Amino acid sequence: MLDSLIDAVAMIADPSVMVIVLAAVLLGLVFGVLPGIGGLTGLAILIPHIYGMEPIAGLCFLMATHAVIYTGGSVTAILFGIPGSVANAATILDGHPLARRGRAGYAIGAALAASALGGVVGVVILVILIPVLKSVVKLIGSPETFLLGIVGVMFMATVGRGGVARGLIGGGFGMFLATFGYQAITGVPRYWLGIDYLLDGFRLVPLILGLFAVPEIAHLMSKPAASARAEAERVQAVSWRSLMLGAWFVVMRPWLFLRSAMIGAFVGIVPGIGGETAPFVAYAAAKHRAHNARRFGSGVLAGVIAPEASNNAKEGGALVPTLGFGVPGSAAMSILLGSFLILGLEPGPSFLSDHADMAYALALTVAVANVIGALVLFPVAGHLARLGRIPGHVLGPVLLTFILLGAYASANNIVDVVFVLIFGALGSLLLKAGISRAAVLLGFVLGPTVETYFGISWNAFGPAMFVQPGALVILIAVCAVAGLLFWRRIRSEAAE
Amino acid sequence: MKSPWQADRMAFVVPCGMSAFALVFVLLGVGYFEYDITVLRFPALVTGAILILTGWLWTGWRRRGSVTVDKEDLQPTVTSLAWIAVAIPAVLLLGFGCGLPLFTAVYLRVHKASWTLSLALAAGVFAVAVVLFGIVLRVPLPLWPLFIR
């Protein structure tokens, strides 16, 4: 292991690789800041450019880009309430309210520090656990994957401000939206109504942009110019001091940070679920353990640190099944798998034994890219925040331009642009009704996985799927957590 | 003047609308599309859960009388959404290269921005669409109006 690590350090210390990593970090930050160009689209745009590169250079290029996209996305999520990707949606819950209260600098500082350090922690955990986790991942079968998906949505439902029932309705509705289009198990197109676009179901990027970006833009555009200017003056002051204090807050809350990063790394390991779920689970865990849980959602720094630490740490976790089994840990990792084949490499158990140095080099690239990404964004964040001083009626159409271009660029389909508006109207209604949009999104993301693994498990085990050893462990853990939360609620109500 | 849609009513109407949407599609699946049980099982389970939760919410609201939600008026948001809705046909008919700059310029002029600012931002939007997305990122955007494509 030590030899492989030394070889890995030598690989990424090569000047040509370092230059590529630096360029990739800058590109990744731009992709992250642009709404709609998330990790998936960013990698898809860049993948044609790795033809002809050395394998290590090509992989480091993609990995570094992907690693910092969430870091860039956190800035727009906090300032404008527009997530760069699914993972950044959890940051909005407290990051954007903080920005609206004039504390954008603290939120951005905390987010950048948590992102950088979270990425490093994720990699350290990955390096330590690669040999051990091979056997653990093999224990996660269909019933366990199904239950983990359900648990992910339930976690999200508990953190919304509108109450658990409305959060669960949101999560269920997201899952229902995901049932449109071809069913994975039978191949039958469901509810497509004779519209070709619906054969593949609703698309993720228009849904994200519609649910989160359009209501925020509508809010910006709905403010009269004078009041918008007054609000912007109050809201968007980002000083070096506030950035540093935000970053220092991460250091002052080591357990919150470490717990969130570890949740990110471990949840990220679960193939197909971890990537998008980790920040929401970390947020929920932070909320449930906080003494000021009721203030979560109104602008609490812990609510920024938890998702940001986990969404960069999860990349380390997601690399485990991707490299070790050839099973992508997240949607973006599936593109990374494609790049392995382009570069003449074969991911899977043999990869870890034949190219252990390359696996560790990829892990180190994630850590290095996260640190560089945060360092680059620190001095730029203040300038980005000044964009928030522009009156809403001026900024609105400009942001709308990026949204519509991003929606089209995700699949080169003009119908996506129309669906941004449809989901935008839905997002505005959900906002007014106090239903968690993040729960709808997570339900939509996990819906196909949950349905597929439910079908497989039911066909294989029938009702006995719930008493498989792994499934039982998950169910007992969920019941224990639910019981604990219920007990705490009864105690707090009794105290009041 | 207050909007006829009140926030309390929204908090009830929206979950009901979501339940109705899911229920209609499940019923369509049974009666019209005649899907197999394997195809309908999951959507039906999810819809059942949503309906039960909506019923539970309803009983809770009846017991408590009201809920805590944002009381902000909907009217300005609806107006802004209508403006955003105008941008979509502009893009569909005139392309990203013409539709978006035109929308930007018109929107800003209507909201009393100066001609200089309106035209400068429209030019910026054109540059983002054509240069950044069209040339740098090589996204095959429909840049020009439908009638000259």
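Look above for the structure.
Because the structure is a prediction, the values reported are computed rather than measured. (Residues numbered from 1 in each chain as written. Chains lettered and ligands numbered in written order. Predicted model: local features only at pLDDT ≥ 70, side-chain atom pairs only at ≥ 80, totals over all residues. Heavy atoms only, no water.)

## Comments concerning the overall build of chain A
- Helices and strands together make up the secondary structure of chain A, namely 21 helices and two strands.
- Each of the 496 residues in chain A was classed as buried or not, and the buried ones make up 62%.
- Split by element, the accessible area of chain A, about 17200 Å² in all, is 69% carbon and sulfur. (Helix = DSSP H or I, 4+ residues; strand = E, 2+ residues; numbered from the N terminus. Buried < 20%, exposed > 50% of the residue type's maximum accessible area, 1.4 Å probe, protein only. Areas by Shrake-Rupley, 256 points an atom, 1.4 Å probe, with all protein chains shown as cover.)

## Side note on helix α1 (residues 2-13) of chain A
Residue and element names in this part refer to chain A.
- For α1, which comprises twelve residues, the first-to-last C-alpha distance of 16 Å matches the rise-based estimate of 16 Å (1.5 Å per residue) to within 8%.
- Of all the positions in α1, only Ser4, Ala8 and Ile12 are classed as buried. Angularly, the buried residues of α1 cover 65° about the axis, an arc narrow enough to put them on a single face. Seen from the open side of α1, the exposed residues pointing more than 90 degrees away from its buried face are Leu2, Asp3, Ile6 and Ala10. (Expected span 1.5 Å × (residues − 1). Arc of directions from axis to C-beta.)

## Section: helix α4 (residues 55-80) of chain A
All names here are of chain A.
- Between the first and last C-alpha of α4 there are 38 Å, a value that for 26 residues agrees with the 38 Å anticipated at 1.5 Å per step.
- Its axis deflected by about 30° at isoleucine 69, α4 carries its strongest bend there.
- By the criterion of burial, α4 is predominantly enclosed, with 25 of the 26 residues buried.
- Just downstream of α4, glycine 81 is the residue with a positive phi angle, here 75°. (Bend = angle between axes of the 7 residues up to and from the residue.)

## What about the pattern of salt bridges?
All names here are of chain A.
- Under the defined criterion, the tally for this structure stands at one salt bridge over all chains.
- Notably, a salt bridge pairs glutamate 451 with arginine 190, separated by 2.8 Å at the nearest N-O pair. With glutamate 451 in helix α20 (residues 437-461) and arginine 190 in strand β2 (residues 189-190), this pair connects stretches of sequence that are 261 residues apart.
- Residue glutamate 451 is classed as buried on the basis of its relative accessible area, which comes to 8%. (Salt bridge = Lys/Arg side-chain N within 4 Å of Asp/Glu carboxyl O.)

## What about the packing of aromatic side chains?
- Following the criterion strictly, the structure yields 27 aromatic pairs over all chains and no others.
- On the basis of an interplanar angle of 20° and a centroid distance of 6.1 Å, the ring pair of phenylalanine 180 of chain A and phenylalanine 21 of chain B is categorised as stacked. Separated into two different chains, phenylalanine 180 of chain A in the loop between α8 (164-177) and β1 (181-182) and phenylalanine 21 of chain B in helix α1 (residues 7-31) make up a pair that spans both.
- On the basis of relative accessibility, which here comes to 4%, the residue phenylalanine 180 of chain A falls in the buried class.
- The class of phenylalanine 21 of chain B is partly exposed, set by a relative accessible area of 28%.
- The cationic tip of arginine 103 of chain A hangs over the ring face of tyrosine 106 of chain A; the distance from NZ or CZ to the ring centre is 5.4 Å.
- We note arginine 203 of chain A situated over the ring of tyrosine 197 of chain A; from NZ or CZ to the ring centre the distance is 4.2 Å. (Phe/Tyr/Trp six-rings, centres within 6.5 Å; stacked < 30°, edge-to-face > 60°. Lys NZ or Arg CZ within 6 Å of the ring centre and 35° of its normal.)

## Things to note about the nonpolar core
- Within the largest apolar cluster, 140 residues are counted, with the highest numbers of intra-cluster contacts made by Leu404 of chain A together with Phe96 and Phe133 of chain B.
- A total of 17 residues in this core trace back to one element, the largest contributor, which is helix α17 (residues 356-386) of chain A.
- Of all hydrophobic cores here, the second largest spans 59 residues; its members include Phe212, Met465 and Ile474 of chain A together with Tyr35 of chain B. (Core = buried A, V, L, I, M, F, W, Y, C linked by side-chain atoms within 4.5 Å.)

## Here's the deal with the interface of chain B and chain A
- Contacts between the two partners involve 66 residues from chain B, matched on the other side by 62 residues from chain A.
- Approximately 5500 Å² of surface area, both sides summed, lies buried where chain B meets chain A, with 83% of it carried by carbon and sulfur atoms.
- In terms of surface lost to chain A, no three residues of chain B exceed Met18, Phe42 and Ile84 of chain B, which account for 12% of the buried area on that side.
- Counting across the interface, chain B meets chain A through zero salt bridges.
- Applying the counting criterion to the chain B and chain A interface returns six residue pairs in polar contact (both at pLDDT 80 or more).
- Within the residue set of the side of chain B that touches chain A, elements represented by two or more residues are α1, α2 (37-64), α3 (75-110) and α4 (115-136) of chain B.
- Residue contributions to the side of chain B that touches chain A peak at 17 residues, all from α3 of chain B. (Contact = heavy atoms within 4.5 Å. Buried area = accessible area lost by both parts, 1.4 Å probe. Polar contact = N/O pair within 3.5 Å; in protein donor to acceptor, adjacent residues only side chain to side chain.)

## So, the packing of α3 of chain B against α4 of chain B
Residues and elements named next belong to chain B.
- Interhelical geometry of α3 versus α4 gives an angle of 155° and a closest axis separation of 8 Å. On the basis of the axis angle, α3 is roughly antiparallel to α4. As α3 packs across α4, the resulting crossing turns out to be right-handed. Along the contact surface, α3 presents Phe96, Gly97, Leu100, Pro101, Thr104, Ala105, Leu108 and Arg109, while α4 presents Trp115, Leu117, Ser118, Leu121, Ala122, Val125, Phe126 and Ala129. (Axes fitted to C-alpha atoms, helices over the stretch in contact; angles between N-to-C directions. Parallel < 35°, antiparallel > 145°, perpendicular 65-115°, else oblique. Left-handed = near helix turned anticlockwise from the far one by under 90°.)

## As for the packing of helix α9 (residues 204-222) of chain A against helix α18 (residues 392-411) of chain A
All names here are of chain A.
- Across the interface, α9 lies against α18 with an axial gap of 9 Å and an inter-helix angle of 170°. One finds that α9 runs roughly antiparallel with respect to α18. From α9, Val205, Leu209, Ala213, Ile217, Leu220 and Met221 reach across to α18, where they touch Gly392, His393, Leu395, Gly396, Leu399, Leu400, Ile403, Gly406, Ala407 and Ser410.
- Split into classes, the residues belonging to the contact of α9 with α18 amount to eleven nonpolar, five polar and no charged. (Nonpolar A, V, L, I, M, F, W, Y, C, P; charged D, E, K, R; others polar.)

## With respect to the side chain of threonine 47 of chain B
- Along the chain, threonine 47 of chain B turns up in helix α2.
- Classification of threonine 47 of chain B by relative accessible area gives buried; the value is 2%.
- Here the side chain of threonine 47 of chain B touches proline 43 of chain B through a polar contact of 2.7 Å, landing on its backbone oxygen.
- Residues contacting threonine 47 of chain B, with those up to four places away along its chain left out, are Phe176 of chain A together with Ala22, Leu23 and Val26 of chain B.

## Considerations on the side chain of threonine 76 of chain A
- In this structure, threonine 76 of chain A sits in helix α4.
- In this structure threonine 76 of chain A touches Gly32, Val33, Gly81 and Ile82 of chain A, once residues within four positions along its chain are discounted.

## A closer look at a nonpolar patch on the surface
All names here are of chain A.
- Taken together, the side chains of Trp255, Leu258, Met262 and Phe266 present a nonpolar region at the surface, about 420 Å² in accessible area.
- By the element assignment, leucine 258 lies in helix α12 (residues 254-267).
- On the accessibility criterion, leucine 258 (31% relative accessible area) is partly exposed. (Patch = residues over 30% accessible without salt bridge, like charges linked within 9 Å, V, L, I, M, F, W, Y side chains within 5 Å.)

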